[in-house]
Amino acid sequence: MNEKHISNEQYGDFLKKVRISVIPTDYNREFLQVAAHKEFEDLSVVAHLMAPQEDGSVKSFLVTSVGLDAMGINQEKFMKDAIEASEKNFPGKAAPLPSYLFGQNSPEDSFSAKIFVASMQDMNNGAAVMLYPDFMQKAAQEIGGNLYVLPSSRHEVLLMKEDPLFTLKDLKEVVHEVNRTEVAMEDRLSDNVYHYDAAERKLEIGEHYQER
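Residues numbered from 1 in each chain as written. Predicted model: local features only at pLDDT ≥ 70, side-chain atom pairs only at ≥ 80, totals over all residues. Heavy atoms only, no water.

Examining helix H1 (residues 8-15)
Helical geometry: 3.6 residues make up each α-helical turn, so side chains three or four residues apart lie on a common side.
Consideration 1: Of the positions making up H1, those classed as buried are Tyr-11, Phe-14 and Leu-15. For H1, the angular spread of buried residues about the axis comes to 95°, placing them on one side.
Consideration 2: Packing partners of the buried residues in H1 comprise strand E1 (18-24), strand E3 (43-52), helix H3 (65-71) and helix H4 (75-89). (Buried < 20%, exposed > 50% of the residue type's maximum accessible area, 1.4 Å probe, protein only. Helix = DSSP H or I, 4+ residues; strand = E, 2+ residues; numbered from the N terminus. Arc of directions from axis to C-beta. Contact = heavy atoms within 4.5 Å.)

Here it is as structure tokens:
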């Protein structure tokens, strides 16, 4: 940060209130002209300042490019810091799909038990956990290797172990169908399926992984 107008302590306090979310880039071009953001594949990461109120509620304020400029904060550095800060402030969680849907009395021996729902604790705009580096690495270790990441909505993603039985094409068809039949337009994230390479700690669109 050059010519920074806030102290390191103030910047640290600012980051303690930051939460990220992900949105589809193509449908939000006008919004992204205002929002501080970082593009990732076909998505964009944006940040909000979560400010507790005296009545116990929490107000969310979009972090804008103009706001960062006013504080002398470099946007690229801020977005990198924001992802790390959000992982601390609003940790990710994952649960097998059956237990997420049915609670403790879930069919754990079914195929769906191998699919995990991942989000933030409040399940609100939680799909951004796919960009949490520590969370994704731990998820890969627990699930057993490379992962496919299916964008269920802006609020959560599905994680499943890479398996030759399920082609990327098949998974994309599932995501596309669910998006068109089950997910409200404002909650759709992407028709793409992402791949997490556990060895390289790299998340990318599935086709990009196959091309490497």
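A word on the sheet that holds strand E9 (residues 194-197)
Consideration 1: Sheet architecture is open: six strands sit in the order E5-E6-E8-E7-E9-E10, paired in antiparallel fashion. For this open sheet the edge positions go to strand E5 (92-96) and strand E10 (202-205), each flanked by a neighbour on one side alone. Recorded for the sheet is a direction-independent mean angle of 30° between the axes of neighbouring strands.
Consideration 2: Bridge analysis of strand E7 (residues 147-150) against E9 gives three bridges, and the strand direction is antiparallel. If you follow Tyr-148 over to E9, its bridge partner there is His-195. (Pairing = 2+ DSSP bridges. Axes fitted to C-alpha atoms, helices over the stretch in contact; angles between N-to-C directions.)

Section: the nonpolar core
Consideration 1: Ranked by size, the top nonpolar core spans 44 residues in total, and within it Phe-78 and Leu-159 carry the most contacts.
Consideration 2: Not counting residues within four places of it along the chain, the set of residues in contact with Phe-78 comprises Tyr-11, Phe-14, Leu-15, Val-18, Ala-47, Val-63, Leu-68 and Ile-73.
Consideration 3: Residues Ile-115, Met-160, Leu-171 and Val-175 belong to the second largest nonpolar core, which totals eleven residues. (Core = buried A, V, L, I, M, F, W, Y, C linked by side-chain atoms within 4.5 Å.)

Examining unusual backbone geometry
Consideration 1: At Glu-41, a residue that is not glycine, the phi angle is positive and equals roughly 50°.
Consideration 2: Inspection of the secondary structure assignment puts Glu-41 in the loop between strand E2 (37-40) and E3.
Consideration 3: Classification of Glu-41 as partly exposed rests on a relative accessible area of 31%.
Consideration 4: Backbone geometry places Arg-201, a non-glycine residue, at a positive phi of 55°.
Consideration 5: Residue Arg-201 is classed as partly exposed on the basis of its relative accessible area, which comes to 43%.

Focus on the environment of Val-45
Consideration 1: Positionally, Val-45 belongs in strand E3.
Consideration 2: For the pair formed by Val-45 and Ser-152, sequence separation is 107 residues and the distance between their alpha carbons is 17 Å.
Consideration 3: Those residues in contact with Val-45 that sit more than four places away from it in its chain are Ile-20, Ser-21, Val-22, Ala-36, His-37, Lys-38, Met-79, Ile-83 and Leu-131.

With respect to the side chain of Ser-44
Consideration 1: Within the element layout of this structure, Ser-44 appears in strand E3.
Consideration 2: Side-chain polar atoms of Ser-44 contact the side chain of Thr-25, separated by 2.7 Å. (Polar contact = N/O pair within 3.5 Å; in protein donor to acceptor, adjacent residues only side chain to side chain.)

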